[in-house]
Amino acid sequence: MVALHNDDDDKEAPLLARNAGAPRLALVRCDTLPEDAVYRDTGCDLAPSCLNCPLPRCKYDVPRSARRLGNCARDREIAVLRRKYDAPIAAIAVTFAISRRQVFRILREERERKDGA
């Protein structure tokens, strides 16, 4: 937990005047979790609990992360169809219900991933 401390804060002046003899307390961040609260690990549609989740980061913390996880298998399959079987771009686009341009993007990303690995 991070405690915030600001000596120049004018909003604290009346509080300090009322409690002139009391020790000064540090301000605490407003987004911290309450202490002694019970949090249930209910998981989501990907895993029954957060501790058993396949994602490296929570899908609620990263936008579209669950979708990307499903698209990885699709993208690999598209790359295999094109590389191994020389499938036409139009046929791949119709099969996976995506645009031709998206097929080209996927093939480029898979090629870059392969070259970078």
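Since we're looking at a predicted model, the values are computed, not measured. (Residues numbered from 1 in each chain as written. Predicted model: local features only at pLDDT ≥ 70, side-chain atom pairs only at ≥ 80, totals over all residues. Heavy atoms only, no water.)

Concerning the layout of surface pockets
Inclusion rule: Cavity: a set of points on a 1 Å grid over the protein atoms alone where a 1.4 Å probe fits but cannot get out. Pocket: an open set with protein on both sides within 12 Å along at least five of seven lines, its lining residues, like those of a cavity, having an atom within 4 Å of a point. Grid points are joined across faces, edges and corners, and a volume is the space filled by probe spheres set on the points. Strands are runs of DSSP state E lasting at least 2 residues, helices are runs of H or I lasting at least 4, and numbering of each runs from the N terminus. Side-chain classes are defined by residue name, with Ala, Val, Leu, Ile, Met, Phe, Trp, Tyr, Cys and Pro counting as nonpolar, Asp, Glu, Lys and Arg as charged, and the others, Gly among them, as polar.
Size it by volume and the largest pocket reaches roughly 230 Å³. Forming the boundary of the largest pocket are Arg-67, Arg-68, Asn-71, Cys-72, Arg-74, Asp-75, Gln-102, Ile-106, Glu-109, Glu-110 and Arg-113. For the lining of the largest pocket, the elements supplying multiple residues, two or more each, are helix 2 (65–85) and helix 4 (100–116). A total of six residues in the lining of the largest pocket trace back to one element, the largest contributor, which is helix 2. Considering only residue class, the lining of the largest pocket consists of two nonpolar, two polar and seven charged.

A word on the packing of helix 3 (residues 89–96) against helix 4
Counted only if it meets this: Fitted lines through C-alpha atoms serve as axes, helices being fitted only where they are in contact, and the angles separating the N-to-C directions of these axes extend from 0 to 180 degrees. Should an angle fall under 35 degrees it is called roughly parallel, over 145 degrees roughly antiparallel, and 65 to 115 degrees roughly perpendicular, with every other angle called oblique. Every residue pair with non-hydrogen atoms within 4.5 Å of one another is taken to be in contact.
Relative orientation of the contacting elements helix 3 and helix 4 amounts to 100°, with a least axis distance of 9 Å. The angle between the axes of helix 3 and helix 4 places the two elements in the roughly perpendicular class. Only Arg-100, Val-103, Phe-104 and Leu-107 of helix 4 make contact with helix 3, whose side of the interface consists of Ile-89, Ala-90, Ile-92 and Ala-93. Per-class residue counts for the contact of helix 3 with helix 4 are seven nonpolar, no polar and one charged.

Considering unusual backbone geometry
Where we set the bar: Buried, partly exposed and exposed residues are distinguished by accessible area as a fraction of the type maximum, computed with a 1.4 Å probe on protein chains only: under 20%, between the cut-offs, and over 50%, respectively.
Notably, Asp-86 is not glycine yet its phi reads approximately 50°, a positive angle. Relative to the assigned elements, Asp-86 resides in the loop between helix 2 and helix 3. The class for Asp-86 is exposed, based on a relative accessible area of 55%. Not every positive phi belongs to a glycine, and Ala-97 is a case in point at roughly 55°. Inspection of the secondary structure assignment puts Ala-97 in the loop between helix 3 and helix 4.

Read these as layout, nothing more, since geometry by itself doesn't imply function.
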